[in-house]
Amino acid sequence: MQLDPTADDLIFRESARVWLAENVPASDAPHEGQPARKYATDWVARCHSGGWSGLAWPEAHGGRGLSAARLIIWYEEYVRARAPSALDCTFVALNHAGPTLIACGTDEQKAFHLSRILEGRSIWCQGFSEPGSGSDLASLATVGKVDGEHLVVNGQKIWSSYADIADYQELLIRTEQGSQRHRGLSWVICDMSLPGITVRPIRNMAGVSHFAEIFYDDVRIPLSDVVGKVNDGWNVAMTTLGFERRTAAIALQLELSVKVEDLITLAEPATGTATAHLLADLRAEAAALRAMTYRTLLREPETPFDGSMMRLVFAELSQKIHRAAIDILGPEALVAGRWTHDYMESYSETIAGGTAEIQRNIIAERILGLPREARP
Ligand SMILES: Cc1cc2nc3c(=O)[nH]c(=O)nc-3n(C[C@H](O)[C@H](O)[C@H](O)COP(=O)(O)OP(=O)(O)OC[C@H]3O[C@@H](n4cnc5c(N)ncnc54)[C@H](O)[C@@H]3O)c2cc1C
C-alpha cells in the first residue's frame, strides 16, 4: 500500500484544489424537488466541463480512469473545499447506474445513457426495495411479462430516492413466471415518464421528501432496455450493489472528519473534560474510518465484502457524531448550520443501502466465515 505522494500526485492535488476553489457554488444545495435537481445537475455539468466528472469511470466511456490513490486525493480536496454533498440526486447515476451499464449494458445502452449521466443531463433512481422486500430483496414481487418486444410491468416499489425528479430508474423485477428468490429476475432501465407510472413522494422525519413509492400499472418497457440477460437480473443487481457500497462512499467517509473538526471548533468555548474526551474519541474514530477507507481502496487485490465493513463503520459513526453535536451544542444546533437537519437524516444511515444488521451478517458470514443464518 503506497501512501507517500509522488510529484505527479502533488501536481494533481494542486490542480484539484485550484479548480475547486474557483468553482464550488457559494450557496448551499436546496433540500428537495426541482431546485435540488437544478443545483445538482448544474454542478455535475460544471465538473464535466472542467474535466472532473466520471473520475472513476474508464476513459473509453468518457471518464478519467483515475487510480484509487488519485480518487482519494480528489475527494480529500473535495470535502476540504466543502463542495456539494456527493449523496445528492446525481449519486445513483454517477456512482452505480452508469458503472453498471459500463459493466453489463449493450453498446446502444451505453451510447445513449453514459454521456447524459456524465454531463448532468439525466437523473437516475433505484427501484429495488418493495414493501416486504428490503433486506430480503430476493423476495421481490413486481412482475414483468413479455409481450412481443416489451415487458409489461405491474407492482410497487418503495423508498426510491429522488424518484420524483428522476428521468430513469434501475428497476429490478420478476420476469420468469413462478420463479423463486434470486432466479428469474431482470434489471431493467425504466423511463420514468412512461404511461402507467405513479410516483408518490414520502416525507421523512427531517421534513424532506427524498424518497418515494412508485406504482406500475401495465407499464410497457422495451425489451431492449433490459440490462444483461432477461432473467439474469440478480447478477446485474449484485454488480450495482458492489459499486454502491464501495468507491461511491469515499467522499461521505472523508466528510465525517470535516464534521468532527467543525464540531470541535463550535464546541471550543464550552468544552469541559467530558466533552473534550468525547470529541477526542470522535476525532480518533473518524481517523480510523479514513485509514480503513484508504487501506481498502489501495489494497490489491480487493476483497469483495470490504464495502460492508466501511458502510457499517461509517453509518454508526455518522450517527454518533450527529448525536454528540446535538448534545454539545444544545439549542445552538438549531442555528449553527445544518446540524439539526443532518442529525435527523443520520437515522437513515443504518438502514439505507442495507441495514446495519444485514451488513453485520455479511461480515460474519462472508469475511469471518461464521455459520450462515437460516435462509427462507
Ligand atoms: C434514506 C433511505 C434511502 C433509500 N433509498 C432507496 C433507493 O433509492 N432504492 C431502493 O430500492 N431502496 C432504498 N431504500 C430502502 C432500503 O434499501 C431498505 O429500507 C433496506 O434495505 C431495509 O429494508 P426494509 O426497510 O424493508 O426493512 P426490513 O428488511 O423489513 O428490516 C426491518 C428490520 O429487520 C432487520 N432484519 C431484516 N432481516 C434481517 C436478518 N436476516 N438478520 C437480522 N436482522 C434483519 C433489519 O435490519 C431491520 O432492522 C432506502 C432507505 C432509506 C432509509
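All figures in this text were calculated on a predicted structure; none of them were measured in a lab. For every chain, the first residue of its written sequence is number 1, and the numbers climb from 1 along that sequence. Only residues with pLDDT of at least 70 are given local features in this predicted model, and only at 80 or more are side-chain atom pairs given and counted; all residues enter the totals for whole chains, interfaces and linings. Excluded from the side-chain calculations are hydrogens and water; all other atoms, namely the structure's heavy atoms, are used.

A. Representation of the domain arrangement of the protein chain. Segment limits for the domains were obtained from an automatic or database-derived domain assignment. Domain boundaries assigned for the protein chain yield domain 1 (7-88), domain 2 (124-232) and domain 3 (245-367). Distance between the C-alpha centres of domain 1 and domain 2: 30 Å. Facing the 7 residues of domain 1 at the interface are 7 residues of domain 2. Buried area is understood as the total, over both parts, of accessible area removed when two parts are fitted together, assessed with a 1.4 Å probe. Considering only the surface of domain 1 that becomes buried against domain 2, H31, E32 and R37 emerge as the three largest contributors, covering 67% of it. When a carboxyl oxygen of Asp or Glu lies within 4 Å of a side-chain nitrogen of Lys or Arg, that pair is called a salt bridge. Counting every contact that joins domain 1 to domain 2 gives 2 salt bridges. Measuring nitrogen to oxygen at the nearest pair gives 3.9 Å for the salt bridge that ties E32 to R203. By the criterion applied in these results, polar contacts are pairs of N or O atoms within 3.5 Å in which, for protein atoms, one can donate a hydrogen and the other can accept it, and in which residues neighboring in sequence qualify only through two side-chain atoms. Inspection of the region where domain 1 meets domain 2 yields 4 residue pairs in polar contact (both at pLDDT 80 or more). Each residue is assigned to one class: nonpolar for Ala, Val, Leu, Ile, Met, Phe, Trp, Tyr, Cys and Pro, charged for Asp, Glu, Lys and Arg, and polar for all the others, Gly among them. Here the side of domain 1 that touches domain 2 is built from residues that sort into 1 nonpolar, 3 polar and 3 charged. Pairs of residues are marked as contacts when any of their non-hydrogen atoms sit within 4.5 Å.

B. Looking closely at the site of the ligand. Inspection of the region around the ligand gives 17 residues, with S135, W159, T355, E357 and E373 positioned closest. Take Q126: an N or O atom from its main chain is 2.9 Å from a nitrogen atom of the ligand. Look at the ligand: alone it shows 970 Å² of surface, and the protein chains cover 66% of it. Counting only elements with at least two residues in the shell around the ligand, the list comes to β3 (150-161) and α11 (356-367). A breakdown of the residues in the shell around the ligand according to their chemical character gives 6 nonpolar, 9 polar and 2 charged. Here a residue counts as near a molecule or strand whenever at least one of its heavy atoms sits within 4 Å of it. The Shrake-Rupley method, run with a 1.4 Å probe sphere, supplies the accessible areas, and residue values consider only the shown protein chains as cover. Only DSSP runs of H or I reaching four residues or more are called helices, and only runs of E reaching two or more are called strands; each is numbered from the N terminus.

C. Representation of the pairing of strand β1 (residues 124-127). Type-normalised accessible area, obtained with a 1.4 Å probe on protein chains alone, sets the label of each residue: buried when under 20%, exposed when over 50%, and partly exposed for intermediate values. Residues W124 and Q126 point to one face of β1 and C125 and G127 to the other, with burial holding for every one of them. In terms of strand pairing, β1 meets strand β4 (residues 168-174) through 4 bridges, oriented parallel. Counterpart to C125 in the pairing with β4 is Q169. In this description, strands pair whenever DSSP reports at least two bridges between them.

D. A look at unusual backbone geometry. The residue R181 is not glycine, and still its phi comes out positive at about 50°. Tracing the sequence through the fold places R181 in the loop between β4 and β5 (185-191). You can call R181 partly exposed: its relative accessible area is 26%. With a phi close to 75°, N231 is a non-glycine residue in the positive phi region. You can see N231 is positioned in the loop between β8 (226-227) and α6 (233-244). Residue N231 is classed as partly exposed on the basis of its relative accessible area, which comes to 29%.

E. The nonpolar core, seen in detail. Buried residues of nine kinds, namely Ala, Val, Leu, Ile, Met, Phe, Trp, Tyr and Cys, make up a nonpolar core once their side-chain atoms join them within 4.5 Å. Counting residues in hydrophobic clusters, the biggest one holds 26 residues, and the most contacted among them are W19, L20, W43, W52, W74, Y75 and Y78. Elements represented by at least two residues in this core include exactly α1 (7-23), α2 (33-49), α3 (68-80), α7 (250-267) and α8 (273-298). Ranked by residues supplied to this core, first place goes to α3 with 7 residues. Here this core spans two domains, since at least three of its residues come from each of domain 1 (7-88) and domain 3 (245-367).

F. The arrangement of the side chain of D342 in detail. Mapped onto the elements, D342 comes out in helix α10 (residues 339-346). The class for D342 is buried, based on a relative accessible area of 13%. Polar contacts involving the side chain of D342 include one to the side chain of K259, which spans 2.8 Å. Sequence-distant contacts of D342, defined by excluding residues within four places in its chain, comprise K259 and H322.

G. The arrangement of the packing of α7 against α8 in detail. For every element, the axis is a line fit to its C-alpha atoms; helices are fit only across the contacting stretch, and the angle between N-to-C directions ranges from 0 to 180 degrees. Running from N to C, α7 and α8 cross one another at 160°; their axes reach a closest spacing of 9 Å. For the element pair α7 / α8, the angle class is roughly antiparallel. In this structure, α7 meets α8 at a crossing whose hand is left-handed. Each of I250, Q253, L254, L256, S257, V260, E261, L263, I264 and A267 in α7 lies in contact with α8, whose residues at this interface are L279, L282, R283, A286, L289, R290, T293, Y294 and L297. For the contact of α7 with α8, the class distribution of residues is 13 nonpolar, 3 polar and 3 charged. If an angle is under 35 degrees, it is roughly parallel; if it is over 145, roughly antiparallel; if it lies from 65 to 115, roughly perpendicular; otherwise it is oblique. A clockwise turn of the near helix away from the far one marks a right-handed crossing, whereas an anticlockwise turn of less than a right angle marks a left-handed crossing.

H. A look at the pattern of salt bridges. Overall, the coordinates contain 21 salt bridges when judged by the stated rule. Here E130 ties to K157 by a salt bridge, and the two come within 2.9 Å at their closest N and O atoms. Residue E130 is located in the loop between β1 and β2 (143-147), and its partner K157 is located in strand β3; the two are separated by 27 residues in the primary sequence. Residue R360 is joined to E316 by a salt bridge in which the shortest nitrogen-to-oxygen separation is 2.9 Å.

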